[in-house]
Amino acid sequence: MPNKGLKVLVLNTNLYNVPDNLTSNIEDPCGQFTWMERELKKAERAGTKVLVAAHIPPGYFERFVVSPFYNEIHNKKYINLLNDYGDVILAHVYGHTHTDSFRLFRTDENDEVKSIAFIAPSVTPWLHSGGVNPSIRLYGYEPYESHITDFWQYFLNLTEINEHLNTQVSTQKIIPETDENLLAEKSRMYRSWASRPIQEIEPYLDSSNELEVLDYRNKEKKAGDLKAHKRSRRSEGPGWKLLYRATDFYNVPSLKNEYMHSVYKRLKTDEDFFGQFYGYNTGGYVFETCDSKCKREHICAMGHLHNRDMEACLNQSISTEVSNYNIGKSLPSNATEVVSENQGSDIVKLLTVEQSTNKNTHVITVVCSIVFVFCAALIALFMIHPRNKYRVLRSNWRHSYEPIEGNVL
């Protein structure tokens, strides 16, 4: 049955965040749960779909699973409430993590997926470790559909921009050539490129609507002028590019619940697919490899939102939860294209892990122990040697070091 419209439910999930000491012991901070349920009931009666929008998602961060985002009482109530009205929810959209991922809202009884939460990466390149390429996401939604149909993920390649900046600045004459002037010029050029319109908007373009899409602020410009303007801006330097289109990368016709559930299952078993997914997690900038533990944390965070479920998933053997995963030693074909075309020399090869890690760890431990014992023995010999000017003097079980005057026998 087609829905009769769309309602956007914007939530303040910062109220449930663990560091918020003011709300940690309040069952329903600001009465938001009560309000949420009332609005969801209205949508259910009216036959409308609800898009849930918030900053912090429930569950855990896939790159730091030590602590959940929400207090446990809030996390459980939030998930259960939205699962109860899963048939009403179009999708969830979140941010906060600065990374690209998704979450499954599913029931414990029969593993039914009630709704999908999409987590979009950030414009800022900051991450608690490493970094990300600045990213912008464009969602696709058709009227009277019950799900998000697609999304296009764009990114700004900082490696490419920095290389271009260095080339451009080095060829310009800045008088006087001080560090301050060079920095100011790089900053001006960066702002110019970062503010350029997204180049890859072809999915929404055709001959009938090209004018409106390309420049909705100035209806008087002709399409030809806009195309010329677009070409001239491209010649100035690097800008926003399409990293991937969701339905193409996931190989699904749309982003319905059942299709995203199949994507989740495929990520568990398809090494190349997960390798590329991991590369997209940080906007195409890969700064560290991902071993089997890393993959398990990503998979568990995506599919287990309740605290106890997450703990159980992390404690499972790799063979049961992550299909005895060994990171692939070669890049997937599409990932290779992203690396060679978009990221340059700063992207390391994706997910290369030596299979002899455990054996090497034992060897390193033994060597370090031997070196430690050897150094301790040298220090002891030095302290008791008769030619040492500093003897250890014991007094009331305290150690003091005093020089000994005169000749040392």
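No experiment lies behind these values; they were computed from the predicted model shown. (Residues numbered from 1 in each chain as written. Predicted model: local features only at pLDDT ≥ 70, side-chain atom pairs only at ≥ 80, totals over all residues. Heavy atoms only, no water.)

Participant: Help me understand the overall build of the protein, please; the structure alone is not making it clear to me.
Facilitator: Each helix and strand counted, the protein has 14 helices and twelve strands in total. Split into buried and exposed, the 409 residues of the protein put 43% on the buried side. Relative to all contacts within the protein whose residues are 6 or more apart in sequence, the contacts with residues 24 or more apart total 65%. About 23000 Å² of surface is accessible on the protein, with carbon and sulfur atoms providing 53% of the total. (Helix = DSSP H or I, 4+ residues; strand = E, 2+ residues; numbered from the N terminus. Buried < 20%, exposed > 50% of the residue type's maximum accessible area, 1.4 Å probe, protein only. Contact = heavy atoms within 4.5 Å. Areas by Shrake-Rupley, 256 points an atom, 1.4 Å probe, with all protein chains shown as cover.)

Participant: Can you help me understand the sheet that holds strand E10 (residues 240-245) in this one?
Facilitator: In sheet architecture, strand pairing relies on hydrogen bonds along the backbone and comes in two forms, parallel and antiparallel. Across the sheet, which stays open at both edges, the three strands sit in the order E8-E9-E10 with antiparallel pairing between neighbours. Unpaired on one side and paired on the other, strand E8 (135-140) and E10 mark the two borders of the sheet. The mean angle between the axes of side-by-side strands here comes to 25 degrees, regardless of whether they run parallel or antiparallel. (Pairing = 2+ DSSP bridges. Axes fitted to C-alpha atoms, helices over the stretch in contact; angles between N-to-C directions.)

Participant: Teacher, can you tell me more about unusual backbone geometry here?
Facilitator: Residues apart from glycine generally show negative phi values, whereas peptide bonds are mostly found in trans. Positioned with a positive phi, His96 is a non-glycine residue whose angle comes to about 75 degrees. Here His96 is to be found in the loop between strand E5 (89-94) and strand E6 (101-106). Phi is positive for His98, close to 70 degrees, though the residue is something other than glycine. Structurally, His98 is set in the loop between E5 and E6.

Participant: What is the right way to look at the sheet that holds strand E1 (residues 6-10) in this model?
Facilitator: What the five strands build is an open sheet, ordered E1-E2-E5-E7-E6; its pairing is mixed. Both edges of this open sheet fall to E1 and E6, since each of them pairs with a single strand only. Strand-to-strand twist in this sheet, taken as the mean axis angle between neighbours without regard to direction, amounts to 20 degrees. Sheet topology note: the E1/strand E2 (residues 49-53) ladder contains five bridges and is parallel. Its bridge partner lying in E2, Val8 is registered against Leu51. Relative to the sheet, helix H1 (residues 32-46) contacts E1 and E2, its axis offset from that of E1 by approximately 175 degrees.

Participant: Sorry if this is basic, but what is going on with the state of the cysteines here?
Facilitator: The bond known as a disulfide is covalent and runs between the sulfur atoms of two cysteines. Taken as a whole, this structure holds two disulfides when the rule is applied. Paired by a disulfide, Cys290 and Cys294 hold their sulfur atoms 2.0 Å apart. Looking down the S-S bond of the Cys290 and Cys294 bridge, the torsion is -100 degrees, so its handedness is left-handed. Neither residue differs from the other here; Cys290 and Cys294 are each classed as buried. Once the disulfide-bonded cysteines of the protein are ranked by sequence position, their pairing pattern turns out to be 1-2, 3-4. (Disulfide = S-S within 2.5 Å.)

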